[in-house]
Amino acid sequence: MRFEATVHATTRSAELHAVDSLDLDRVPDPEGGVRMLVGPEDLTRLVAEGYEVRVQSVAPVAPLDPGLVSDEADVRAWFEDMTGDARGEG
Amino acid sequence: MYRTVAQLDQLGGLLAQFFPQHCQRFQLPELSVLGRPVFALRVRAGAGDNRRGVLLVGGVHARELMNPDALIELAVQLIVSYRNGSDIVLGGRVWQATDIKVLMETLDIYIVPCTNPDGRDYVMTVDDLWRKNRRDNPETTCDGVDLNRNCDLLWGVAQGQTSCSPCSDVFAGPAAFSEPETRNVKFLLDTRRVDCFVDVHSYSELVLYPWGHVPTQTTDSTKRFTTLPTGTCQPITDPTYQEYMTPRDEQRFQTVAQRIVTAIADVRGRAYTPQTGFGLYGTTGTHSDYAYARHIADPNTHKTYGYTVETGPWVGNARDSFHPADPEPIKLDTKSGLLALMQQCICAIELIGVALLGGEHEVDALRRIRDDVLATTPAGRDWILLFEDLQTRVLPVVLADDALAERAASVVSRAGRAAADETASIEPELVADTVRILSDVARRADDPEVSAGVAAANEALEAAGGRPVAALLERLVARGPRR
């Protein structure tokens, strides 16, 4: 299991930038905060370090939705559609 | 929809097969960690060697899926536009066929759509949030190296988002350029002329330029990364350290980044932010900073202006931000931004002087004046800015007319010879010819910005006739263009 979580400093934790030293997977945060993809052990570690951790969503380890992957026919058709006139001149 | 590695490779192969005069596809020297070939494309039109070069790389971080698709599509669109004489329409931004023609005929455009094929395949088959390559790190259960921390620029300095821990998603690897995927990028920088480089990432809607490890300053040239230790696995020890950049380069980075941002906004109004890499968070060993840093570490290497573009917005969670269900609008933004970068990579003087005339010495003399004289003051840098803005607008006009191009080449050549001797007087005839050709170009361009810029240039030139070159330069560095 994996979670997307934001991390916040508390009076018990180090300053927020020190979270970089924990070697976790940080992803961009729209507010400029600290947002991470973390497993259960990472969550435990962050809390033990005194940080407040707010789990935003579950981010399971899973392949890309197959519905988002192009199929072979689409790729060829796209190329032929895009280049039809240009190839004709060749 | 996102293409698989094989599909991206297939499209590159089809381009090279159907358009061999415009697309050369070649396998880079190193296989990926898992043995996959990595391909580059060279896109261009017409003849001529020693062109200025652009290198675009995508897919360095595996989960940032949009960008390899955008890059291969851009290659297709460039060639189709050139072949058909058709515009490239990207939402509200129309890139005129004449502009694309100039890009295709003056640049070598190198594209590595998928730098990290193992990672992309892993994202599609195992974990769609995987970032690194697929290196098996010995003596640990953690796999992968962050390719965008693995380059030889302060490698292994654990500044901000850089780590020496194999289990970290920003693991810098066991050594600089330990990974075949980064060595492939280095190979291109080593063996091709690359003036402009973009590493395309996601997400955050940013255009980043150096420096990434600390804040940038332009006043103390002794503060160079070359003086710092590498491989320390610690942050830079001096918390006040800031990295030097020449004012001219800082201005250049900011100007080009702003033009990329504007070209993106033209598509559908997305407001990307231009900033230094450090403004996002601290990093070392990144591709774009390495590309720029090379000429400082080794003055024998060619200067490359390196950028990182972070495409796409935050959409509420990381998964959908890295690979949204509909990436098409974001790809339009990206392509427009990259076309703007390419356009900014052209140097009109170099193109006209060297390509049309073979006047390398004359162009060198003008380049020295730009870099050694004008770039030293704010007013002089404003003149450089003006020229860079004008050249983008007028180059298609000049190149579309052989007679005009020939006159321009003659003026560049004579100006270059004059520039070589600052004590010599500027011939009034040269001034008159320059003013005349600039006025002709402004008339044909039919662009108020061009007219205003040409008027400013002509005002300065007309005061220069019969006086020493040095007097003109003194004026230019003291007083910027009046616009």
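Everything quoted here is computed from the prediction, not taken from an experiment.

Time to look at the overall build of chain A. Along its length, chain A carries two helices and four strands. Helices and strands in chain A line up, N terminus first, as β-β-β-α-β-α. The principal-axis extent of the C-alpha atoms belonging to chain A is close to 70 × 25 × 20 Å. Across the 90 residues in chain A, those meeting the buried criterion constitute 27%. Put simply, 68% of the contacts in chain A that link residues at least 6 apart link residues at least 24 apart.

The subject of this paragraph is the overall build of chain B. Scanning chain B from terminus to terminus reveals 17 helices and twelve strands. Taken against the 2.2 N^0.38 rule, which gives 23 Å for 483 residues, the C-alpha radius of gyration of chain B at 23 Å falls within 12% of a compact globule. Counting only C-alpha atoms and orienting by the principal axes, one finds that chain B spans roughly 75 × 55 × 40 Å. Out of the 483 residues in chain B, the part that is buried amounts to 54%.

This part covers the packing of helix α15 (residues 428-445) of chain B against helix α16 (residues 448-462) of chain B. Residue and element names in this part refer to chain B. Orientation of α15 relative to α16, taken along the N-to-C sense of each, is 170 degrees, at an axis distance of 9 Å. When the axes of α15 and α16 are compared, the pair comes out roughly antiparallel. Where α15 approaches α16, its residues Val 431, Thr 434, Val 435, Leu 438, Ser 439, Ala 442 and Ala 445 are matched on the opposing element by Val 450, Ser 451, Val 454, Ala 457, Asn 458, Leu 461 and Glu 462. Of the residues belonging to the contact of α15 with α16, the class tally is nine nonpolar, four polar and one charged.

Residue and element names in this part refer to chain B. In space, the eight strands of this open sheet follow the order β1-β2-β6-β3-β7-β12-β8-β11, with mixed pairing throughout. One side of each edge strand has no neighbouring strand; the edge strands of this open sheet are β1 (23-27) and β11 (273-276). The sheet shows a mean angle of 20 degrees between the axes of neighbouring strands, taken without regard to direction. Here three bridges tie strand β2 (residues 39-43) to strand β6 (residues 107-112), and the two strands are oriented antiparallel to one another. Within β6, the position partnered with Leu 41 by the bridge is Ile 111. Where helix α2 (residues 66-84) meets the sheet, its contacts fall on β1, β2, β3 (52-58), β6, β7 (196-202) and β12 (305-311), and the angle it forms with β7 comes to roughly 135 degrees.

Burial runs high along β6 of chain B: six of the six residues are buried. Going residue by residue along β6 of chain B, you find Leu 107, Ile 109 and Ile 111 of chain B tucked away on one face and Asp 108, Tyr 110 and Val 112 of chain B tucked away on the opposite face as well.

Time to look at the interface of chain B and chain A. Facing the 38 residues of chain B at the interface are 29 residues of chain A. Among the residues making up the side of chain B that touches chain A, the classes are represented as 18 nonpolar, 13 polar and seven charged.

All names here are of chain B. You can read the domains of chain B as domain 1 (5-344) and domain 2 (348-478). Of note, the centres of domain 1 and domain 2, computed from C-alpha atoms alone, are 33 Å apart. Domain 1 puts eleven residues into the contact, and the matching count from domain 2 is twelve residues.

To continue, consider the environment of Gly 119 of chain B. Residue and element names in this part refer to chain B. In this structure, Gly 119 sits in helix α4 (residues 117-125). We classify Gly 119 as buried; it has 29 C-beta atoms within 10 Å. Residues Gly 119 and Asn 133, spaced 14 residues apart in sequence, show a C-alpha to C-alpha distance of 5.0 Å. Each residue touching Gly 119, except ones within four places of it in the same chain, is listed here: Ala 62, Trp 130, Lys 132, Asn 133 and Arg 134.

It is worth spelling out the sheet that holds strand β2 (residues 25-27) of chain A at this point. Residues and elements named next belong to chain A. The antiparallel open sheet is built from four strands, whose spatial order is β2-β3-β1-β4. In this open sheet, the two edge strands, each paired with only one partner strand, are β2 and β4 (52-58). Going from strand to strand, the sheet's axes swing by 35 degrees on average, the running direction of each strand aside. Pairing geometry for β2 and strand β3 (residues 34-38), over three bridges, is antiparallel. Counterpart to Asp 25 in the pairing with β3 is Leu 37.

Next up on the list: the environment of Arg 26 of chain A. All names here are of chain A. Considering the arrangement of structural elements, one finds Arg 26 in strand β2. For Arg 26, a count of 21 C-beta atoms within 10 Å puts it in the buried group. Placed eleven residues apart in sequence, Arg 26 and Leu 37 show a C-alpha to C-alpha distance of 6.4 Å.

Turning next to the packing of helix α13 (residues 378-399) of chain B against α16 of chain B. All names here are of chain B. The interhelical angle for the contact between α13 and α16, taken along N-to-C directions, is 135 degrees, at an axis separation of 10 Å. Taken together, the axes of α13 and α16 lie oblique to each other. In the packing of α13 onto α16, the handedness of the crossing is left-handed. Listed contacts from α16 to Leu 386, Asp 389, Leu 390, Arg 393 and Val 394 of α13 are Glu 449, Val 450, Gly 453 and Ala 456. Broken down by class, the residue content of the contact of α13 with α16 amounts to five nonpolar, one polar and three charged.

Moving on, we get to the nonpolar core. Counting 159 residues, the largest nonpolar core has Ala 75, Ile 79, Ile 111 and Leu 341 of chain B as its most contacted members. Of all the elements, α2 of chain B adds the most residues to this core, at eleven residues. Not counting residues within four places of it along the chain, the set of residues in contact with Ile 79 of chain B comprises Ala 86 of chain A together with Leu 15, Phe 19, His 22, Cys 23 and Val 43 of chain B.

Right, let's get into helix α6 (residues 247-268) of chain B. Residue and element names in this part refer to chain B. When the terminal C-alpha atoms of α6 are compared, their 33 Å separation across 22 residues agrees well with the 32 Å that a helix rising 1.5 Å per residue should span. Residues of α6 that are buried include every one of Asp 249, Arg 252, Phe 253, Val 256, Ala 257, Arg 259, Ile 260, Val 261, Ala 263, Ile 264 and Val 267, and no others. Looking at the packing, one finds that the buried side of α6 touches β4 (88-90), β5 (93-95), β8 (206-209), β11, β12 and α10 (328-344). Directly after α6, the chain includes Gly 269, whose backbone phi takes a positive value near 85 degrees.

Attention now moves to α2 of chain B. Residues and elements named next belong to chain B. Under the 1.5 Å per step criterion, the end-to-end length of α2 is 27 Å for 19 residues, consistent within 8% with the ideal 27 Å. Across the 19 residues of α2, 18 count as buried, placing the element largely inside the fold. Positive backbone phi, approximately 65 degrees, marks Gly 85, located one or two places after α2.

Let us now look at the confidence of the model for chain B. When pLDDT is averaged across chain B, the result is 94; 99% of the residues are at 70 or more. Under the prediction, the complex receives an ipTM of 0.92, its pTM being 0.94.

Calculation criteria
Here the residue numbers are simple positions, counted from 1 along each chain's written sequence. Just so you know, chain letters begin at A and ligand numbers begin at 1, following the order they were written in. Note on the predicted model: pLDDT of at least 70 is required for a residue's local features to be given, and 80 or more for side-chain atom pairs to be given and counted; whole-chain, interface and lining totals, by contrast, use all residues. The helix count covers DSSP runs of H or I at least four residues long, the strand count covers runs of E at least two residues long, and both are numbered beginning at the N terminus. Remark: C-beta atoms are placed from the backbone, and a residue is labelled buried if 20 or more other C-beta atoms sit within 10 Å of its own, exposed if 12 or fewer do, or partly exposed between those counts. Contact between residues is assigned whenever the C-beta positions, reconstructed from backbone atoms, fall within 7 Å. For the radius of gyration, the atoms used are the C-alpha atoms, and the globule rule reads 2.2 Å times the number of residues raised to 0.38. For every element, the axis is a line fit to its C-alpha atoms; helices are fit only across the contacting stretch, and the angle between N-to-C directions ranges from 0 to 180 degrees. Note on angle classes: values under 35 degrees are labelled roughly parallel, values over 145 roughly antiparallel, values of 65 to 115 roughly perpendicular, and the remainder oblique. Amino acid classes used here: Ala, Val, Leu, Ile, Met, Phe, Trp, Tyr, Cys and Pro are nonpolar; Asp, Glu, Lys and Arg are charged; the rest, including Gly, are polar. At least two DSSP bridges between two strands are needed for those strands to be called paired. Domain segmentation is taken from an automatic or database assignment of domains. Whether a crossing is left-handed or right-handed is set by the direction in which the near helix is turned from the far one by less than a right angle, anticlockwise for left-handed and clockwise for right-handed. By definition, a nonpolar core groups buried Ala, Val, Leu, Ile, Met, Phe, Trp, Tyr and Cys residues that connect through C-beta atoms lying within 7 Å of each other. Expected helix span is taken as 1.5 Å per residue step, with the number of steps being one fewer than the number of residues. Scored from 0 to 100, pLDDT reflects the predictor's confidence in each residue.

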